[in-house]
Structures are given as structure tokens and as C-alpha cells.
Amino acid sequence: MSKVPYSDVAERARKLPTAPVPQAALGPEVPKAGYVLEEIADGVFWLSEGMYQMMFVVTDEGVIAVDAPPTLGHNILRAIRSVTSRPITQAVYSHQHSDHVGAMSVYPEDVPRYAHRITAERLALLGDPNRPLPTRVFDDTLTIEAGDHSLQLDYKGPNHAEGNIFIYAPTQGVLMLVDVIFPGWVPFSNLAVSANIPGFVNAQEQALEYPFEKIVGGHVTRPGTPDDVRTQIEYVQDLRSTTEAALSSVDLEKILTPVDATNAWAIFKAYLDAVAAQAADELVPRWSQRLGGADIFTLPNAWAMAEALRLDYGSMGPFGIAP
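In every chain, residue numbers begin from 1 and rise along the written sequence. For this predicted model, a pLDDT threshold of at least 70 governs which residues receive local features, and a threshold of 80 or more governs which side-chain atom pairs are given and counted, while totals over whole chains, interfaces and linings are taken from all residues. As a convention, hydrogens and water are excluded, and side-chain values are obtained from all of the structure's heavy atoms.

1. Concerning helix H2 (residues 75–83)
An α-helical turn contains 3.6 residues, so a residue and the one three or four places further along point in the same direction.
So, step 1. Taken together, the buried positions of H2 are occupied by Asn75, Ile76, Leu77, Ala79 and Ile80.
So, step 2. We call two residues in contact whenever any of their non-hydrogen atoms come within 4.5 Å of each other. By definition, any uninterrupted DSSP run of H or I lasting at least four residues is a helix, any uninterrupted run of E lasting at least two residues is a strand, and each is numbered from the N terminus. Elements in contact with the buried residues of H2: strand E1 (36–41), strand E2 (44–48), strand E3 (53–58), strand E4 (63–66) and strand E5 (88–92). Exposure classes here rest on a 1.4 Å probe applied to the protein chains alone. A residue is buried below 20% of its type maximum, exposed above 50%, and partly exposed in between.

Following this line, the structure appears as C-alpha cells:
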């Protein structure tokens, strides 16, 4: 068995220069306190440590906290106390992933915790004490009425996660949709490691069905706007069309010539890597000055899109129905 120096490959990749981050991707500077807090609408606050973000809503009755990234942790409570003395009265799970909700245990034990039924089921299986089980579970839609504010929780099917929801403050025009929209940046690697890529793609358009002015995406450096959603839709459409063209246009014979013909996984890897690389070679020059991280994550995004095209959308390239 040959020894593959994976660590050396990873180290060389880390040393490669990266494209400058576009101005559109930059957010506010994070102060020494370790977090940045901004009131993005009346009573609706955006909170971030520079890469993760959440929101909370201050109502006449108390505070509705949505998510709790561990990287913010107890700074969430400090941020809330900096703007109100009212207690936390409700907590909302956008979905079950611990990088966004792994500090839900910092909220009082007795507050109602809202989640979609699928999220509640996943959390019950995981049994994580830092992600207490939801106490208010819904299937399609649920509205939290709290004094002068309300939050509309909507489920439109699986996207990034099976139970990921849309969280909308209608009076303030604020939408929260986590791990789907990345304002100023390309989506995270492998199209945000989404459980359902067609659902992820559709969720972008579904976001625009809400009349919002600000969107909280869960990542990365700032809140977003409807224009950010439209720009990401454009990127994903370009990613799809360019990758679909590459599925059939790569030179399969040339690609497979050096590959061990008895190694099925090596054959598939060679093909999919070549498709993703050809798509990325075309896409990165078009997007590196428009969206942050285009040179970092377009290659794995193209790889994930290639698999979605083959497995979900039925675009099989040279592996279609045999004559």
C-alpha cells in the first residue's frame, strides 16, 4: 500500500495565496468584547463574533432568543443584558446543528423552546445536554405572539437540514434563514453540506417570497439584504449550469487513462474531481471579485453540485442509460 502524505498536501494547500476578500463581504469590526451587536430593526438585534451569527427580539414581555452558537456562548447573555433588563422568555431552534444551537443550555431551563418536529426528533436521538429538547413542536407553521412583536416560524421542506425553518418578524421585516444564505460570500463548502441540495436551491427563492429588508443567515460577517439573496441565486445558477456542462464535456478517456481500472472508487473520484475542477476554473474568475471565498469553496461546491445533478436532477453525463 502506498503512503499518501495527506497532511503534507493539506499543509501545501494552506500556504497557497487566497484572493482578496471583496468589500461586499466585509462586516463590522468585532470589538475587544468578542462580539458585535446591532439593532437591525425595531427591537430586533443581530449578534455575531465575526463568523457565526444569531438574533434576539426584545418585546414588551421579554426576549425571544433565536439559536445560540457556542462561539458566542455566554456573550449572548451579556449582549442581551446590555440592551434590556427583561428576561429571556422564549428560545427558538432554527435546526439541530450544534455549531448554531450548541449553547442553548445558557437560556433558562423553564423557557419554552420552539423547533420543527424533525429537529426535535434529531435532538432526542442526539441527547446533548447543551441542546435541551424543544417543548413546543410544530409541523408547518407557528407564530409566537409576544407583546408588541411576533415571530412566524415556517417549514417549507428539507434544505440545509431536514428540519431547517424560516423565522420571520413581519412587523420589522427581518428574516432569519440559517446555513442557506451567506451575505457577501459563496455558500460554505459542498453547498453548506446540505442534507437536500434541491431543497437548498429552492430555499433561496423561497426566501424572496418574504417582504424582508434584513436577513440573518447564521454566517458570516454581516446581516444581508434581498440583493444579497439575488446575488447568491445568480452564483448558484451559474454553478449549476457550468457544472452540468462539465459533466458531459470533460475528456473521460484522458481522465481515466492513468487510473487503476479495477478500482471503482478511483474511477468515480477521478471523474467527479475533473468535473468540479473544470467548473471551478471557469467560475472562480467570474466570482472572486464579487463574493468572498469564491476561490476557496467553489471547487467543493461544484463537486456537490455535480453529485446533485447526477443523483437528484438526473443529469448523468457519460453514466446515463446504456444503449
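2. Considering a negative patch on the surface
So, step 1. Here, patches come from residues exposed beyond 30% relative accessible area and free of salt bridges, joined within 9 Å for like charges and within 5 Å for nonpolar side chains (Val, Leu, Ile, Met, Phe, Trp, Tyr). Exposure was quantified through the Shrake-Rupley algorithm and a 1.4 Å probe, taking into account, for residues, occlusion by the shown protein chains and nothing else. Only one rule defines a salt bridge in this text: a Lys or Arg side-chain nitrogen within 4 Å of an Asp or Glu carboxyl oxygen. In this count, Lys and Arg are taken as positive residues and Asp and Glu as negative ones, while His and the chain termini are left out. For this purpose, a charge sits on NZ of Lys, CZ of Arg, CG of Asp or CD of Glu. A cluster of acidic side chains, namely Glu39, Asp42, Asp60, Glu61 and Asp148, defines a negative patch on the protein surface.
So, step 2. Within the fold, glutamate 39 resides in strand E1.

3. Quick look at the side chain of histidine 149
So, step 1. On the secondary structure map, histidine 149 appears in strand E9 (residues 149–154).
So, step 2. A polar side-chain atom of histidine 149 sits 2.8 Å from a polar atom in the side chain of aspartate 148.
So, step 3. If near-sequence neighbours (up to four positions away) are discounted, histidine 149 is found in contact with Asp42, Gly43, Val57, Val58, Thr59, Ile144 and Gln172. Residues adjacent in sequence count toward polar contacts only when both atoms are side-chain atoms; beyond that, a polar contact is any pair of N or O atoms within 3.5 Å, and within protein one must be able to donate a hydrogen and the other to accept it.

4. Concerning the domain arrangement of the chain
So, step 1. These domain boundaries are the output of an automatic or database domain assignment. Looking at the chain, the domain boundaries give domain 1 (23–236) and domain 2 (239–316).
So, step 2. Inter-centroid distance (C-alpha atoms) of domain 1 to domain 2 is 32 Å.
So, step 3. Each side of the interface is counted separately: domain 1 has 17 residues, and domain 2 has 18 residues.
So, step 4. In short, buried area is how much 1.4 Å probe accessible area vanishes from two parts on joining, totalled over both. Between domain 1 and domain 2, roughly 1,600 Å² of surface is buried when both sides are summed, and carbon and sulfur atoms account for 64% of that area.

5. Considering the packing of aromatic side chains
So, step 1. Stacked, edge-to-face and tilted labels apply to pairs of Phe, Tyr and Trp rings (six-membered ring for Trp) whose centres lie within 6.5 Å, assigned for plane angles under 30 degrees, over 60, and everything in between, in that order. In this structure the tally under the stated criterion is 7 aromatic pairs.
So, step 2. Grouping aromatic residues by their ring pairs yields a cluster made of Phe166, Tyr168 and Tyr210.
So, step 3. Either the NZ atom of lysine or the CZ atom of arginine qualifies as a charge over a ring when it sits within 6 Å of the ring centre and within 35 degrees of the ring normal. Geometry around phenylalanine 166 places lysine 156 over its ring, the cationic atom sitting 5.7 Å from the centre.

6. Section: the sheet that holds strand E8 (residues 141–146)
So, step 1. Pairs of strands are assigned from DSSP output, requiring at least two bridges between the strands. Spatial ordering of the open sheet is given by E8-E9-E10-E11-E12, a layout of 5 strands whose pairing is mixed. The outermost strands of the open sheet, each flanked by one partner alone, are E8 and strand E12 (214–216). Here the average twist between neighbouring strands, direction ignored, is 20°.
So, step 2. Where E8 lies against E9, 6 bridges are found, and the strand directions are antiparallel. Of the residues in E9, the one forming a bridge with threonine 143 is glutamine 152. Structural elements are reduced to axes, namely lines fitted to C-alpha atoms, with helices fitted over the stretch in contact, and the angle between N-to-C directions of any two is expressed from 0 to 180 degrees.

7. Overview of the environment of isoleucine 321
So, step 1. Locating isoleucine 321 in the fold gives a position in the segment after helix H10 (294–311).
So, step 2. In this structure, the C-alpha to C-alpha distance between isoleucine 321 and valine 178, residues 143 residues apart in sequence, is 38 Å.

8. Topic: the pattern of salt bridges
So, step 1. Per the counting criterion, the structure on display carries 10 salt bridges.
So, step 2. For the salt bridge of aspartate 128 with arginine 131, the shortest nitrogen-to-oxygen distance reads 2.8 Å.
So, step 3. As a salt-bridge pair, arginine 290 and glutamate 234 come within 3.0 Å of each other at their nearest N and O atoms. On the criterion of sequence distance, the pair formed by arginine 290 in the loop between helix H9 (264–287) and H10 and glutamate 234 in helix H7 (residues 226–249) is long-range, its members being 56 residues apart.
So, step 4. Residue class for glutamate 234 comes out partly exposed when judged on its relative accessible area of 38%.

9. Description of unusual backbone geometry
So, step 1. A cis amide bond, omega -5°, links histidine 219 with the succeeding residue valine 220.
So, step 2. Within the secondary structure layout, valine 220 lies in the loop between E12 and H7.
So, step 3. Positive phi values are uncommon outside glycine, yet asparagine 190 reaches one of about 55°.
So, step 4. Note that asparagine 190 resides in helix H5 (residues 189–193).
So, step 5. Unusually for a residue other than glycine, valine 193 sits at a positive phi of about 50°.
So, step 6. Its place among the elements puts valine 193 in helix H5.
So, step 7. For valine 193, a relative accessible area of 54% corresponds to the exposed category.

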